[in-house]
Amino acid sequence: MKFSNTLIYWYLQNNRTLPWRKTKNPYFIWLSEIMLQQTRVAQGLSYYLKFTSTFPTVFDLAKADESTVLKMWQGLGYYSRARNLHFSSKQIVNEFKGEFPSTYKEIIKLKGIGDYTASAIASICFNEPTAVVDGNVYRVLSRYFGIKTPINSSQGIKEFKALAQSLIDNTQPGTFNQAIMDFGALHCKPQNPLCETCPLSDSCVALEKKLIKELPVKEKKIKVRKRYFNFLVVKTDDDKTILSERKGKGIWQGLYQFPLIETDRNINKDELISSEEFINSFPNKTSISLFNEKEIIHKLSHQHLHTHFWIVEIKSFAEATVNWNTINTFPVPVLIANFLEKLNFKSN
DNA sequence: TAGACGTGGCT
DNA sequence: TAGCCAAGTCT
């Protein structure tokens, strides 16, 4: 009781003014919650504004092409969020007449919505007392109560959810949920938390036992795989190139890229043009030059992509169907977008 | 269920 | 710098 009252009091004085805090429209709250998954407010804010002005209702979003949605999502990462968002918008329009489901139990059935997001929407929009547990909540609770259970273990997930649920203010669950998250983001920060001015400092276990830096506990570290990418950037005399959509599982599903030859190490020009993949894909009369002498290492959470862009000039090539002046309409990974910007800069 | 899934900021 | 972290979800 004291815990939640203190947090709510802190929140009323310190909360950030954010556009999605001015509404309880579940469509807008949904958009903001999906965008902010594993994403900082500073990074997601401009995307939220762009989406809500381009797609003011769920009907507008449902009407759009997936490729348009992905283009607008470009640069935010975790692109399955955009695909699931679009998929669910169509379901809401077609099956629910555009009306957003109003209970945790129904909300969590939507693609792309898990325990956290269902709890957030149900509590903020429909006043249902379901506790959110995001990275902030894990940190605040593990420190305040001195809990050492790893937050990414199945035991920890259960334990922290139950604890948060026991602490929620049933009369204003949405405010409580946002309060504990904002408190974690602004005050009980991962590094250098503001313990000196903390309204909970007199009863914080981690502060008393000097465990602030040890909590929360997280087990297992991720392995990073190295990959070697050679993108073949075709340029024909009539200003065309080749782009193809990434399909199936793996990174960047639904985004576009130049023809790609992946190798198990960096390779030179001779190795490239004598490779089977290259011979099978391109005609003889080509002029090839390496765009970036130094490899570009694009870092994803689980992969480091050692990348070379090769400029492949061909007089004419039937496979090249994309006009250069339309290239910026395709959704592409940041790695490709950065290349296009450099290319444009060089030629201007 | 552990691993995959993006990008960018901070130390 | 290399690693951690950020309003998680899916398979």
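In this text, all values refer to a predicted model and were calculated from it rather than measured experimentally. (Residues numbered from 1 in each chain as written. Chains lettered and ligands numbered in written order. Predicted model: local features only at pLDDT ≥ 70, side-chain atom pairs only at ≥ 80, totals over all residues. Heavy atoms only, no water.)

## Observations concerning the overall build of chain A
Part 1 of the argument: Helices and strands together make up the secondary structure of chain A, namely 15 helices and nine strands.
Part 2 of the argument: Its C-alpha atoms give chain A principal-axis dimensions of about 75 × 50 × 35 Å.
Part 3 of the argument: A fraction of 67% describes how many contacts in chain A between residues 6 or more apart in sequence connect residues 24 or more apart.
Part 4 of the argument: Carbon and sulfur atoms provide 51% of the accessible area of chain A, an area that totals close to 18,600 Å². (Helix = DSSP H or I, 4+ residues; strand = E, 2+ residues; numbered from the N terminus. Contact = heavy atoms within 4.5 Å. Areas by Shrake-Rupley, 256 points an atom, 1.4 Å probe, with all protein chains shown as cover.)

## A closer look at the protein's contact with DNA strand C
Part 1 of the argument: Around DNA strand C, the surrounding shell holds 26 residues, and the nearest of these are Gly112, Gly114, Asp134, Asn136 and Arg139.
Part 2 of the argument: Counting only atoms of DNA strand C within 4 Å of the protein, the sugar-phosphate share comes to 65%.
Part 3 of the argument: Within the backbone of Asp115, a nitrogen or oxygen atom sits 3.4 Å from a phosphate oxygen of DNA strand C.
Part 4 of the argument: Backbone polar atom of Tyr116 to a phosphate oxygen of DNA strand C: 3.2 Å apart, as the coordinates give it.
Part 5 of the argument: Of all the secondary structure elements, the ones that give two or more residues to the surface near DNA strand C are helix H8 (115-126), helix H9 (135-145) and helix H11 (173-186).
Part 6 of the argument: The residue inventory of the surface near DNA strand C, partitioned by class, reads eight nonpolar, seven polar and 11 charged. (Near = heavy atom within 4 Å. Polar contact = N/O pair within 3.5 Å; in protein donor to acceptor, adjacent residues only side chain to side chain. Nonpolar A, V, L, I, M, F, W, Y, C, P; charged D, E, K, R; others polar.)

## Observations concerning the nonpolar core
Part 1 of the argument: Among the nonpolar cores identified, the biggest contains 96 residues, and Phe3, Trp30 and Phe258 are the most heavily contacted of them.
Part 2 of the argument: Looking at this core, you find at least three residues from each of domain 1 (2-208) and domain 2 (225-347).
Part 3 of the argument: Beyond its immediate stretch of four places on either side in the chain, Phe258 contacts Phe231, Leu232, Val233, Thr241, Ile242, Leu243, Trp324, Ile327, Ile336, Phe339 and Leu340.
Part 4 of the argument: Counting residues in each nonpolar core, the second largest holds 14 residues, with Leu232, Trp310, Phe317 and Ala320 among its members. (Core = buried A, V, L, I, M, F, W, Y, C linked by side-chain atoms within 4.5 Å. Buried < 20%, exposed > 50% of the residue type's maximum accessible area, 1.4 Å probe, protein only. Domains from an automatic or database assignment.)

## So, the UniProt feature "domain: HhH-GPD" (unreviewed entry) in chain A
Part 1 of the argument: The positions that UniProt labels "domain: HhH-GPD" (unreviewed entry) are, in the present scheme, residues 35-186.
Part 2 of the argument: Within the segment residues 35-186, helix and strand shares are 66% and 0% respectively, and the terminal C-alpha atoms sit 19 Å apart. (UniProt positions renumbered as here; feature names shortened; annotations may be inferred.)

## Here we look at the protein's contact with DNA strand B
Part 1 of the argument: Around DNA strand B lies a shell of 21 residues, among which Arg40, Tyr79, Trp252, His298 and Gln303 are the nearest.
Part 2 of the argument: Take the atoms of DNA strand B that sit within 4 Å of the protein: sugar and phosphate atoms are 53% of them.
Part 3 of the argument: One of the side-chain nitrogen or oxygen atoms of Arg40 is found 2.4 Å away from a base nitrogen of DNA strand B.
Part 4 of the argument: A distance of 2.9 Å separates a base oxygen of DNA strand B from a polar atom in the side chain of Tyr78.
Part 5 of the argument: Taken together, the residues of the surface near DNA strand B break down into eight nonpolar, 10 polar and three charged.

## Some details on unusual backbone geometry
Part 1 of the argument: Geometrically, the link from Leu215 to Pro216 is a cis peptide bond, its omega value of 0° lying close to zero.
Part 2 of the argument: Even without being a glycine, Asn127 presents a positive backbone phi close to 60°.
Part 3 of the argument: Along the chain, the position of Asn127 falls in the loop between H8 and H9.
Part 4 of the argument: Its identity is not glycine, yet Lys210 carries a phi of approximately 55°, on the positive side.

## Structural notes on the side chain of Thr307
Part 1 of the argument: In this fold, Thr307 is placed in strand E8 (residues 303-314).
Part 2 of the argument: A distance of 3.1 Å separates a polar atom in the side chain of Thr307 from the backbone oxygen of Leu305.
Part 3 of the argument: Residues in contact with Thr307, not counting those within four places in the same chain, are Phe229, Phe231, Asn292, Glu295, Ile296 and Leu335.

## Examining the domain arrangement of chain A
Part 1 of the argument: If you check the domain split of chain A, you get domain 1 (2-208) and domain 2 (225-347).
Part 2 of the argument: In this structure, domain 1 and domain 2 have C-alpha centres spaced 37 Å apart.
Part 3 of the argument: Contacts between the two partners involve eight residues from domain 1 and, on the opposite side, 13 residues from domain 2.
Part 4 of the argument: For the pairing of domain 1 and domain 2, the buried interface totals around 790 Å² over both sides, and the portion due to carbon and sulfur atoms is 53%.
Part 5 of the argument: The three residues of domain 1 that bury the most area against domain 2 are Lys71, Gln74 and Tyr79, which together make up 51% of that side's buried surface. (Buried area = accessible area lost by both parts, 1.4 Å probe.)

## Side note on the pattern of salt bridges
Part 1 of the argument: The full count for this structure, using the stated rule, is 10 salt bridges.
Part 2 of the argument: Across the pair Asp182 and Arg16 runs a salt bridge whose closest N-O atoms are separated by 2.6 Å. Residue Asp182 is located in helix H11, and its partner Arg16 is located in the loop between helix H1 (2-14) and helix H2 (26-35); the two are separated by 166 residues in the primary sequence.
Part 3 of the argument: Residue Asp182 is classed as buried on the basis of its relative accessible area of 1%.
Part 4 of the argument: Take Arg16: its relative accessible area is 26%, and that puts it in the partly exposed class. (Salt bridge = Lys/Arg side-chain N within 4 Å of Asp/Glu carboxyl O.)

## Side note on the packing of aromatic side chains
Part 1 of the argument: Applying the stated criterion across every chain, the model contains 20 aromatic pairs.
Part 2 of the argument: Between Phe231 and Phe309, the ring centres sit 5.3 Å apart and the planes meet at 20°, which makes this aromatic pair stacked. Pair noted here: Phe231 is in strand E1 (residues 225-236) and Phe309 is in strand E8, with a separation of 78 residues, a long-range link.
Part 3 of the argument: Look at Phe231 and you get buried, because its relative accessible area is 0%.
Part 4 of the argument: Following the ring pairs from residue to residue traces out a cluster consisting of Phe229, Phe231, Phe258, Phe291, Phe309, Trp324 and Phe339.
Part 5 of the argument: Across the ring face of Phe87, the terminal group of Lys111 is positioned such that the distance to the ring centre comes to 4.1 Å. (Phe/Tyr/Trp six-rings, centres within 6.5 Å; stacked < 30°, edge-to-face > 60°. Lys NZ or Arg CZ within 6 Å of the ring centre and 35° of its normal.)

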